[in-house]
Amino acid sequence: IVAFFQPKLLQGKRVVVTAGPTFEPIDPVRGITNLSSGKMGFALARAAADCGADVRLIAGPTALETPWGVVREDVQTAQQMYELALSAASGADVFIAVAAVADWRVAHVSPGKIKKTGDGLPPALEFVENPDILATVAHLPEPPFCVGFAAETDDLDNNAAAKRVRKNVPLLIGNLGPDAFGREDNEVVLYDEHGVTRLPRADKTALARELIAVIAGRLPRGLF
Ligand code: CTP
Ligand code: CA
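Note that the coordinates shown come from a computational prediction; the quantities given were computed from them, not determined experimentally.

S.K.: In this structure, what is going on with the coordination of the calcium ion (ligand 2)? I would like to understand it.
M.R.: When four donors bind a metal tetrahedrally, each ideal donor-metal-donor angle is 109.5 degrees, and when six bind octahedrally, the ideal angles are 90 or 180 degrees. Within the first shell, the calcium ion (ligand 2) binds the protein through Asp103 (OD) and Asp103 (OD), at distances of 2.4 to 2.5 Å. If you trace the backbone, Asp103 turns up in the loop between strand 6 (94–97) and strand 7 (104–106).

S.K.: Explanation requested: the pairing of strand 3 (residues 30–33) in the structure shown.
M.R.: Along any regular strand the residues' side chains alternate between the sheet's two faces. Here strand 2 (residues 23–27) pairs with strand 3 via four bridges, running antiparallel. Bridge pairing links Phe23 to Thr33 in strand 3.

S.K.: Looking at this structure, how should I read the site of ligand 1?
M.R.: Within the structure, ligand 1 sits among 14 residues, and Ala97, Ala99, Pro131, Leu134 and Lys163 are positioned closest to it. In the model, an oxygen atom of ligand 1 is placed 2.6 Å from a nitrogen or oxygen of the Ala97 main chain. A distance of 2.9 Å separates an oxygen atom of ligand 1 from a polar backbone atom of Phe149. About the coverage of ligand 1: the protein hides 77% of its 570 Å² of free accessible area. For the shell around ligand 1, the elements supplying multiple residues, two or more each, are helix 4 (133–138), strand 9 (145–152) and helix 5 (156–167). Considering only residue class, the shell around ligand 1 consists of eight nonpolar, one polar and five charged.

S.K.: What's the story with the UniProt feature "binding site: CTP" (unreviewed entry) in the chain in this structure? I'm lost.
M.R.: Under the UniProt annotation, the feature "binding site: CTP" (unreviewed entry) is placed at Asp103, Lys113, Pro131, Asp132, Ile133, Leu134, Phe149, Lys163 and Lys167. A stretch of 65 residues holds the annotated residues, and the largest C-alpha distance among them is 37.7 Å, long enough that they do not meet in one place. Note on placement: Ile133 falls in helix 4. Contacts of Ile133, omitting those with residues within four sequence positions, involve Ala78, Met81, Tyr82, Ala85, Phe95 and Val101. You can see Lys167 is positioned in helix 5. Residue class for Lys167 comes out buried when judged on its relative accessible area of 15%. If near-sequence neighbours (up to four positions away) are discounted, Lys167 is found in contact with Asp132, Leu134, Ala135, Ala138 and His139.

S.K.: Help me out: how do you make sense of the sheet that holds strand 6 in this one?
M.R.: Within a sheet, adjacent strands bond to each other through the backbone by hydrogen bonds, running parallel or antiparallel. The strand order across the open sheet formed by eight strands is 5-4-1-6-9-10-12-13, and the pairing between neighbours is mixed. Among the strands making up the open sheet, the edge pair consists of strand 5 (71–74) and strand 13 (195–198). Within this sheet the neighbouring strands show an average axis-to-axis angle of 20 degrees, counted without direction. Where strand 1 (residues 14–19) lies against strand 6, four bridges are found, and the strand directions are parallel. Residue Val16 lies in a different strand from strand 6, and its bridge partner there is Phe95. Contacts between helix 3 (residues 78–89) and the sheet are confined to strand 1, strand 4 (54–59), strand 5 and strand 6, with strand 4 contributing the most and set at about 165 degrees to the helix.

Analysis parameters
Along each chain, numbering runs from 1 in the same order as the chain's sequence is written. The naming scheme follows written order: chains are lettered A onward, ligands numbered 1 onward. Selection of residues for local features in this predicted model requires a pLDDT of at least 70, selection of side-chain atom pairs for listing and counting requires 80 or more, and totals for whole chains, interfaces and linings are taken over all residues. Processing note: side-chain calculations cover all non-hydrogen atoms of the structure and skip hydrogens and water entirely. Note that water is not among the atoms considered, so a metal site may appear incomplete; the donors listed are N, O and S atoms within 2.8 Å of the metal, with 3.2 Å applied to Na, K and Ca. Strands here mean DSSP runs of E at least two residues long; helices mean DSSP runs of H or I at least four residues long; both are numbered from the N terminus. A pair of strands is labelled paired if DSSP reports no fewer than 2 bridges between them. What makes a residue near a molecule or strand is one non-hydrogen atom of that residue sitting within 4 Å of it. Any N or O atom pair separated by 3.5 Å or less is treated as a polar contact, with the protein-specific requirement of one donor-capable and one acceptor-capable atom, and with residues adjacent in sequence counted only for side-chain atom pairs. The protein chains shown are the only cover counted for residues, whose accessible areas, like all others here, come from Shrake-Rupley with a 1.4 Å probe. Side-chain classes follow a simple rule in which Ala, Val, Leu, Ile, Met, Phe, Trp, Tyr, Cys and Pro form the nonpolar group, Asp, Glu, Lys and Arg form the charged group, and the remainder, Gly included, forms the polar group. UniProt positions are given in the numbering used here, feature names are shortened, and annotations may be inferred rather than shown by experiment. Whether two residues are in contact is decided by their heavy atoms, any of which lying within 4.5 Å being enough. Think of it in three bands: residues with accessible area under 20% of the maximum for their type are buried, residues over 50% are exposed, and the middle band is partly exposed, with areas taken using a 1.4 Å probe on protein chains only. Axis lines are fitted to C-alpha atoms, over the contacting stretch for helices. Their N-to-C directions set the angle, which ranges from 0 to 180 degrees.

Dropping the structure here:
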């Protein structure tokens, strides 16, 4: 019903969203991950579809249902998300990176379960950095309109503004975490080349609609 009344701001546009955490295995029974319910990313995917977009949602492990009309692909690791996102982003109009991507993966995943040695010494794990999905997409020769998210624990304004420039994205949406995680509402700040816009706390569904309208308003106009 909501979709029916929604202005079709993204009719014919191809939108790619990454959402949820990634999970990086240590061995067959363990891994490292990030805090992310996926709610904000799924809400954005849904809001974009309601606005008439063709939406591909690349999701790490979450407990959420696929929004109606959205094509969803599930992944586990950052590497898998990177590969799918890169192929989906070429030819897309909008790329929204909401996923809480693990910054590091374990260099050598053990094929068998790592056992305690009995001497009280933990295993020495070696980590390697994962590729930056958003920065890679945003540095493509003809990138889609790229939107990043950043949860910071300190100095949101400086960290988010610097991150926007470093990743080469026109719009970065920040929130002072980690209290946003798993909640139904969120309070965000928009960073773009003009500066800073603070949005009032809102339900993630309503916020997603508002953000999609902001994004739609910044896309290059077609001929019609
Ligand atoms: N991101 C990504 N790929 C990564 C890491 C982050 O696509 N490997 C995206 C996230 O989806 C988010 C944005 O980049 O949209 C910012 O993520 P964040 O973790 O805040 O940025 P980092 O560059 O990883 O910086 P930090 O050291 O603060 O974690
Ligand atoms: Ca990170």
